[in-house]
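What follows is each chain in one-letter form.
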Amino acid sequence: MNALPIALISGAGSGIGRATARKFLANGYTVVLMGRKQSTLLETAAGAASADVLACDVTDREQVRQAFVKIELDHGRIDVLFNNAGIGSPYCLIDEISHETWMDVLQTNVTGSFLLAQQAFRLMRAQSPQGGRIINNGSISAQVPRPGSVPYTTTKHAITGLTKSLSLDGRPFNICCSQIDVGNALTEMAVPMTRGVKQANGAIEKEPTMDVEHVADAVLHMASLPLEANVQFMTVMASKMPLIGRG
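Enquirer: I would appreciate a short explanation of helix H4 (residues 99-126) in the present structure.
Expert: What sets the pattern is the α-helix's 3.6 residues per turn: residues three or four places apart point alike. Between its first and last C-alpha, H4 extends 39 Å over 28 residues, near the 40 Å set by a 1.5 Å rise per residue. Largest kink in H4: about 35°, centred on Gln107.

Enquirer: Hey, could you run me through the pairing of strand S4 (residues 80-83) in this one?
Expert: Put simply, side chains in a regular strand alternate between the two faces of the sheet. Residues Val80 and Phe82 point to one face of S4 and Leu81 and Asn83 to the other, with burial holding for every one of them. Bridge analysis of strand S1 (residues 6-10) against S4 gives three bridges, and the strand direction is parallel. Note on S4: the bridge partner recorded for Ala7 is Val80. Judged from the four bridges that link them, S4 and strand S5 (residues 132-137) form a sheet pairing that is parallel. Its bridge partner lying in S5, Phe82 is registered against Ile135. Chirality of the crossover, the property in question, places the unit of S4, H4 and S5 among those that are right-handed.

Enquirer: What is the right way to read the packing of helix H3 (residues 61-75) against H4 from this model?
Expert: Helix-helix packing is described using two parameters, namely the angle between the two axes and the distance between the axes. The interhelical angle for the contact between H3 and H4, taken along N-to-C directions, is 30°, at an axis separation of 10 Å. The angle between the axes of H3 and H4 places the two elements in the roughly parallel class. Judged by the twist between their axes, the crossing of H3 over H4 is right-handed. Each of Arg61, Val64, Arg65, Phe68, Ile71 and Glu72 in H3 lies in contact with H4, whose residues at this interface are Leu115, Leu116, Gln119, Ala120, Arg122 and Leu123. Per-class residue counts for the contact of H3 with H4 are seven nonpolar, one polar and four charged.

Enquirer: How should the environment of Arg18 be read in this particular structure?
Expert: Structurally, the position occupied by Arg18 is in helix H1 (residues 15-25). According to the relative accessible area criterion, Arg18 is buried, its value standing at 19%. Expressed as a C-alpha distance, the spacing of Arg18 and Pro242, which sit 224 residues apart in the sequence, is 26 Å. Here Arg18 is in contact with Gly11, Ala12, Gly13, Thr40, Glu43 and Thr44, once residues within four sequence places are set aside. Here the side chain of Arg18 touches Gly13 through a polar contact of 2.9 Å, landing on its backbone oxygen.

Enquirer: How should I be thinking about the nonpolar core in this particular structure?
Expert: When a protein is soluble and globular, its nonpolar side chains tend to lie buried together. Ranked by size, the top nonpolar core spans 36 residues in total, and within it Phe24, Tyr29, Val31, Leu33, Ile135, Ile180 and Val215 carry the most contacts. At the level of secondary structure, the elements contributing two or more residues to this core comprise S1, H1, strand S2 (30-35), helix H2 (38-45), S4, strand S6 (175-183), helix H7 (213-224) and strand S9 (233-237). When residues in this core are grouped by element, the largest group, seven residues, is from H7. Beyond its immediate stretch of four places on either side in the chain, Val31 contacts Ala7, Ile9, Ala21, Phe24, Leu25, Ser50, Ala51 and Asp52.

So, how was this worked out
Residues numbered from 1 in each chain as written. Predicted model: local features only at pLDDT ≥ 70, side-chain atom pairs only at ≥ 80, totals over all residues. Heavy atoms only, no water. Helix = DSSP H or I, 4+ residues; strand = E, 2+ residues; numbered from the N terminus. Expected span 1.5 Å × (residues − 1). Bend = angle between axes of the 7 residues up to and from the residue. Buried < 20%, exposed > 50% of the residue type's maximum accessible area, 1.4 Å probe, protein only. Pairing = 2+ DSSP bridges. Right-handed = clockwise from strand over helix to strand, strands pointing away. Axes fitted to C-alpha atoms, helices over the stretch in contact; angles between N-to-C directions. Parallel < 35°, antiparallel > 145°, perpendicular 65-115°, else oblique. Left-handed = near helix turned anticlockwise from the far one by under 90°. Contact = heavy atoms within 4.5 Å. Nonpolar A, V, L, I, M, F, W, Y, C, P; charged D, E, K, R; others polar. Polar contact = N/O pair within 3.5 Å; in protein donor to acceptor, adjacent residues only side chain to side chain. Core = buried A, V, L, I, M, F, W, Y, C linked by side-chain atoms within 4.5 Å.

Written as structure tokens, this is what we have:
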């Protein structure tokens, strides 16, 4: 088995997941890159010897179960899960949101995060030495909503509940759980912020962004702590974006 620490990063084919995966690969981790498209995962890996590409739909319980069977067979353990896969939804008031949109966001952001955390917790509890770390991507929408964001905001508040419950349930097994809330990291998902998005007062305004590398650095710091210490919640955001005072 590989002596390097084993990290699983979901949503590793783009954005925050890609940046974080590359950061971990550059800092001595074996990284299991998980996402729906193998082609984008291979681009993230870019031939790194310690990268393990694993295509998986996180909303599919059996695919997730089989993925962890493979991780256990190939690596013997898991030390870090960065529970990052997620999708957003366009601005829409609740009475105009389709059932399909609601279910898509719920299944990816909540059910997907639950299924990965469930399997990671199972393996971390059973492995020797026991324990590990689960880091959930919460988003600043886990704290304060944007206008017209009921599906996304609801799911990200749910992630906070998942984080707190796992932190409590993991204590006897040396399993730490934490949450990173990211604001306006410049990924494809955040490009609309640079063009102008609706504010709480109804105005359309451009918002400052930050380099996604700052998020990757923060996740690496959280993962690198010994299991006797935990960053329970961290907010990393563009310093001039409207979070404080939003609404």
